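A closer look at the structure
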There are 2 protein chains.
Amino acid sequence: MQRIPAGFLPPVAMDVGSDMPMYQQLSEWFRRSISSGQLRPGQRVPSTRSLAHELGISRIPVLGAYEQLQSEGFLETFTGAGTCVARAIPADMTMERAKRASFLSASPPGGSRRTSRRAVLMRSPEATWLANMGAFRVGLPALDAFPFALWSKLVSRHARHLSMEAMGYGDPMGHLPLREAIAEYLGAARAVRCDASQVLITTGAQQALQICAHVLLDPGERVWMEDPGYPGAHQALRTAGAELVPVPVDAEGIDVAHGARVGADARAVYISPSHQFPLGMAMSASRRMQLLRWAASNDAWIIEDDYDSEYRFGSRPLSSLQGTDTHARVIYIGTFSKVMFPALRLGYIVVPPDLVPDFHAGRDAIDTFSSMLYQSAMTEFIREGHFARHIRSMRTLYMERRVAVHDAIRRYLGDRLEVIGTEAGMQLAGLLPPGVDDVAVSRRAASMGVSVRPLTPCYIVPPERGGLILGYGGASLADIDDGVRKLSLCL
Amino acid sequence: MQRIPAGFLPPVAMDVGSDMPMYQQLSEWFRRSISSGQLRPGQRVPSTRSLAHELGISRIPVLGAYEQLQSEGFLETFTGAGTCVARAIPADMTMERAKRASFLSASPPGGSRRTSRRAVLMRSPEATWLANMGAFRVGLPALDAFPFALWSKLVSRHARHLSMEAMGYGDPMGHLPLREAIAEYLGAARAVRCDASQVLITTGAQQALQICAHVLLDPGERVWMEDPGYPGAHQALRTAGAELVPVPVDAEGIDVAHGARVGADARAVYISPSHQFPLGMAMSASRRMQLLRWAASNDAWIIEDDYDSEYRFGSRPLSSLQGTDTHARVIYIGTFSKVMFPALRLGYIVVPPDLVPDFHAGRDAIDTFSSMLYQSAMTEFIREGHFARHIRSMRTLYMERRVAVHDAIRRYLGDRLEVIGTEAGMQLAGLLPPGVDDVAVSRRAASMGVSVRPLTPCYIVPPERGGLILGYGGASLADIDDGVRKLSLCL
């Protein structure tokens, strides 16, 4: 039985003032010393008595630590022969130690190898314009006009009456009463044709996109992407391994003929037909028909992102593409982040009937299910009519805010920002004069507390002209005036 | 200007008793008739007056529908020439219609093509044993012993005091005070070495696994998987495109030497070292050292799933692998589903410092951020000491329940179920006699209201003997006795 004589014991640092119990400090010190190779397998360690004496502490924590380390297999004891580092621990630990030293100096821990998926994830430029809540944070609704007292009363009531079933594992598809309420709402407001069995509750539009990407596509498969388009969709699709085919948009929306030329083999199309992100136009009826036809003939899926079409000013909301699809090719995505508030983390997917098992399994694999509390509160909010009422009052508010942004742009920016898109939603886009760097403008604006989003990062093929997206949903009239004035200083 | 004369107008079905306004029923009917090719581009439609007359309804809804359809581009009007279906709509719609008829009959909509990822998602056998709440649902804690009144009071208070910031977009890494509380808890209870900047809040362990899989691996890369192992991890890793290398486990945990032989090129290792899922053993100190050394030398990551190690009976909890790792190779995953309740949807990842930006971006791409309400309530629950108290009282309860399961197994099953694993956690596994089909037993048990999980679906390489996993966390002493008795009838 080989035994290594007690060598030099590395200094034990004990912190008597620490919250961590002594025995724990000590056992952790031993684990790390063994793991780093400072204590070698078979090496004798001091007796509990002499270590306690050496450290000037009671013997009790030392006994506790040794007992713990023995039960974990780091130390072993032989009657009459004392305690040593377990010999079963790989013996080349000291060699390992030398190697580690060079490893650590040669490259930072974990810094040696990165995936190509990392390049995708880290693609978006440092988005300083997202860091503050100032006007004109894109996607932020008018939180100040949200019926907060009503909502929080409702949530506390549901929190007090949650059943035991509601605390356990839930249905990956979501809370059935909420799915029923959504199916009904979408039928009436968006001409979506579905029943509750097709509705899948998600933690928002981003997760909805992730699930679509993982269920509908294999890694390496191609997807038409509106160019410019929603960067969150770029992220979701690329994370799932999809290859994006940029398809330009014009005044009628995505150019289907172009897509059919460059992406004939694509298996899916991502579009925002009601209010294109970021440019704001609505997809024309003829383009809609073309796209539905192309998808049906080419056995491709259409992912319809209907992120903010509750708000359309001047005309009635356009019906969804899903509602005119007779081939069950459209997967429809919606979110409550814009009509309620982002931290609600509730969105939904309307799935063609025979894909329901696939999406059910996809949600299960991705994060199991959504928490019940907000789902049940949201159901009541819709059922009691608060939701419809809130949308109506926000429509008026956003129309005012939109007019105010237009006015302020005319007043402060003149023709330095050419507003485009239709009268809808919670944001508008404008083009900057040729040669102006929109990312730089957004950075400058962020430093002044104004959050505008540059157009360029929404493009796959770099555009000739940059531009800005101004979210006016969360901006008061005073913020709007002040924000656009500050923006004029950045140009 | 080519114009097609008004042809046969397909029958318009109006439902006067419907909740849907007349104008909307009508415009939807038109959209679908155009989209399906029943109305062709350029075809004249009746005047509003004559259609109203024909349908026996007021002219107002017909005017409303036509106006809407024009604004959407489905209809166009020429002064003096009446209204027709927009000619910009693709002209071969009628041909399309014929094609569609055959398409629909030849294959169900959407049924024509499926991804190979689908095969992964749909892999798990129909899990009837998950459908009920009966004893012994794996992973379900003792909801009846949860301090419900205290928790709901806390949640309602936070619901009433949520700030406007907390309703907007949150930090993808999570609520900082919660991350601080977790870092502190893990340091004390699990010897995890981290600070709050390394803690990422997730919607649970499943999402944590998804994020790890997407951040650490490219599609097609290989991962060691404990065999048997956690089916949720199979799903997460395969969904991300990883290839699983089954590595057997024995009484000391995963067989590192075997892994090094068959999976030398693997880029990650998935393990549950503190309480192996499903078999229940703890990984020995020497295997831990071997694995850490292998990962450091081979530039591979270790995903440590520490799903229920709060509960260990008889000895102090084993420290985490992360705490003995000196090479920053370990990504540590934990969840509150077991110590709090599953519908809380809160888990966490402890990330090596230099991978934090990658995981931040990964969480952002996957579903942006977690809702604030439960995060802030959970922070207070920990800070006020309720969390530590709850764990202590559950430890006593689960120890009792574990003893009761052991006793009941001895009484009713005798040697028909050979219990394995160590004294820990909320579940135990037992082996069935050779030749007994564990999936069939679980199905029979489910039909009697008893939820046991078969071992076979946890294996990649089919095992010689099947077995059952009994989750006793959520089962009362009466449930346990009754459940095991029923189980004996299924064998």
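Residues numbered from 1 in each chain as written. Chains lettered and ligands numbered in written order. Predicted model: local features only at pLDDT ≥ 70, side-chain atom pairs only at ≥ 80, totals over all residues. Heavy atoms only, no water.

1. Focus: the relation of the copies chain A and chain B
Inclusion rule: Here the copies are superposed with least squares, the fitted atoms being C-alpha atoms of residues at a pLDDT of at least 70 in both. We call two residues in contact when some of their heavy atoms are within 4.5 Å.
Superposing chain A onto chain B takes a rotation of 180 degrees combined with a translation of 0.0 Å along the rotation axis, leaving an RMSD of 0.1 Å. With respect to symmetry, the two chain copies, as superposed, fit the operation of a two-fold axis. Across chain A, the smallest distance between a C-alpha and the rotation axis is recorded for S156(A), namely 2.1 Å. Counting the interface residues of chain A, we find that 99% of their copies in chain B are interface residues as well, pointing to one common contact surface.

2. Description of the domain arrangement of chain A
Accessible area lost when the parts come together is the quantity often used to give the size of an interface. Inclusion rule: Delimitation of the domains relies on an automatic or database domain assignment.
Each assigned domain of chain A is listed with its residue range as follows: domain 1 (22–103), domain 2 (128–140 + 389–490) and domain 3 (161–385). Spacing between the C-alpha centres of domain 1 of chain A and domain 3 of chain A amounts to 57 Å.

3. Looking at the interface of chain A and chain B
Applied cut-off: We define buried area as the total accessible area lost by two parts upon association, computed with a 1.4 Å probe and summed across both. What makes a salt bridge here is a side-chain nitrogen of Lys or Arg within 4 Å of a carboxyl oxygen of Asp or Glu, nothing more. We define a polar contact as two N or O atoms separated by no more than 3.5 Å, with the added condition that, inside protein, one atom must be a possible hydrogen donor and the other a possible acceptor, whereas residues neighbouring each other in sequence contribute only through side-chain atom pairs. Here a strand is any run of E in DSSP of at least two residues, a helix any run of H or I of at least four, and the numbering for each starts at the N terminus.
At the junction of the two partners, chain A supplies 125 residues and chain B supplies 125 residues. Between chain A and chain B the total buried area reaches about 10,700 Å² when both faces are included, carbon and sulfur atoms providing 56% of it. Remark: the boundary between chain A and chain B carries two salt bridges. The partner of R193(B) in a salt bridge is E28(A), with the nearest N and O atoms 2.6 Å apart. At the boundary of chain A and chain B, one finds 29 residue pairs in polar contact (both at pLDDT 80 or more). No other element matches the eight residues that helix α12 (residues 356–367) of chain A contributes to the side of chain A that touches chain B.

4. A word on the pairing of strand β9 (residues 301–305) of chain B
Residue and element names in this part refer to chain B. The criterion, for reference: Between buried and exposed lies partly exposed: a residue is buried under 20% and exposed over 50% of the maximum accessible area for its type, with that area taken using a 1.4 Å probe on protein chains only. Any two strands are treated as partners once DSSP identifies two or more bridges connecting them. A crossover counts as right-handed when, viewed with the strands pointing away from the observer, the path leading from the first strand over the helix to the second turns clockwise.
Of all five residues in β9, five are buried, a share of seventy percent or more. As judged from the four bridges shared by strand β8 (residues 268–271) and β9, these two strands associate in the parallel manner. Paired with Y270 across the bridge in β9 is I303. A crossover connection joins β8 to the parallel β9 through helix α11 (residues 285–297); in handedness this β-α-β unit is right-handed. Pairing analysis gives four bridges linking β9 to strand β10 (residues 330–335), with the strands arranged parallel.

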